Amino acid sequence: MDKQCKVGEQRRGRPRSEAAERQILEAVIKLLEEGVPLADLSIERIARTAGVGKATIYRRWAGKEELYVEVVQSMESPAPPLPGHSLRDDLVCMVDNVRRRSVAKQSSALLHNVFAQMQSYPKLWSKYHSIVIDPRRPLLDELLRRGVENGELRAGIDLEMAADLFVAPMLVRTMMRPGEELPGPEFAERIVDAVLEGLRPPR
């Protein structure tokens, strides 16, 4: 099974020139591809490469951290929609989305290099989580909450821990075991079925 799912990606709602924004994002990617480290990517250098003024960048991003995060977000594959047929199908798609994003990071030399550098900058890594990762969590929490309400999951479970149980095994297999063969889409089904078995109401 290789269904696709969507985990809402939030965009900031401010007026902007799409052409100028694209020039800026492409300038950062170009510099990174040329091997320029994150530490050496100044707003002035980015503006010069993009052919825009520094003020054009600052009108869109408060600083380098926000810009870098949007660059990384722009390089990630867009998440497709949840099927909406059942709790299980939606959970499988969400867990497989974690796998897809991990595979993309490992298969793209540029993404892999950028993420390795980002982790050396706690403020930047924190920004990435708050802008890209954290907004995904409420959807998973809502799915589990609905599962409890409609009787698919037993009452009284710790929803935060349950969410971790679905996501953590995929993160361990794809991000914390370098050198091992990455799991296929069927692994998401195995994780979801195993966790759901433990969370269902007694028969």
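Up top is the structure.
Every value quoted in this text rests on a predicted model; they were computed, and no experiment measured them. (Residues numbered from 1 in each chain as written. Predicted model: local features only at pLDDT ≥ 70, side-chain atom pairs only at ≥ 80, totals over all residues. Heavy atoms only, no water.)

*Asks:* Sorry if this is basic, but what is going on with the packing of helix α4 (residues 64–75) against helix α7 (residues 122–133) here?
*Replies:* Between two packed helices, what matters for the description is the angle formed by their axes and the separation of those axes. Contact geometry of α4 with α7 gives a least axis separation of 9 Å together with a crossing angle of 55°. Taken together, α4 and α7 sit at an angle that is classed as oblique. Relative to α7, the crossing made by α4 is right-handed. The segment α4 lies against α7, with E65, E66, Y68, V69, V72 and Q73 engaging K123, L124, K127, Y128, I131 and V132. (Axes fitted to C-alpha atoms, helices over the stretch in contact; angles between N-to-C directions. Helix = DSSP H or I, 4+ residues; strand = E, 2+ residues; numbered from the N terminus. Parallel < 35°, antiparallel > 145°, perpendicular 65-115°, else oblique. Left-handed = near helix turned anticlockwise from the far one by under 90°. Contact = heavy atoms within 4.5 Å.)

*Asks:* I'm lost on the nonpolar core in this one. Help?
*Replies:* A general feature of soluble globular proteins is that nonpolar side chains tend to end up buried together. By size, the foremost hydrophobic cluster in this structure holds 30 residues, and its most contacted members are I24, L41, I46, I57 and L67. Secondary-structure elements contributing two or more residues to this core are α1 (18–33), α2 (43–50), α4, α6 (109–118) and α7. Here the element with the most residues in this core is α1; it accounts for 7 residues. With residues up to four places along the chain from it excluded, the contact list for L41 reads V28, L31, L32, V36, I46, K64 and Y68. Within the second largest apolar cluster, 22 residues are counted, among which are L144, I157, V192 and L199. (Core = buried A, V, L, I, M, F, W, Y, C linked by side-chain atoms within 4.5 Å. Buried < 20%, exposed > 50% of the residue type's maximum accessible area, 1.4 Å probe, protein only.)

*Asks:* What exactly am I supposed to notice about helix α9 (residues 159–175) here?
*Replies:* For an α-helix, 3.6 residues make a turn, and residues three or four places apart therefore share a direction. Across its 17 residues, α9 extends 24 Å between first and last C-alpha, which sits within 8% of the 24 Å expected from 1.5 Å per residue. Taking the largest bend as the criterion, α9 deviates by roughly 35°, centred on V167, and proline P169 comes between one and four positions later. Taken together, the buried positions of α9 are occupied by A162, A163, F166, M170 and T174. Looking at the buried residues of α9, the elements they touch are α5 (87–107), α8 (137–149) and α10 (186–199). One side-chain oxygen at the N-terminal end of α9 lies 3.1 Å from the backbone nitrogen of E160; it belongs to D158. (Expected span 1.5 Å × (residues − 1). Bend = angle between axes of the 7 residues up to and from the residue. Polar contact = N/O pair within 3.5 Å; in protein donor to acceptor, adjacent residues only side chain to side chain.)

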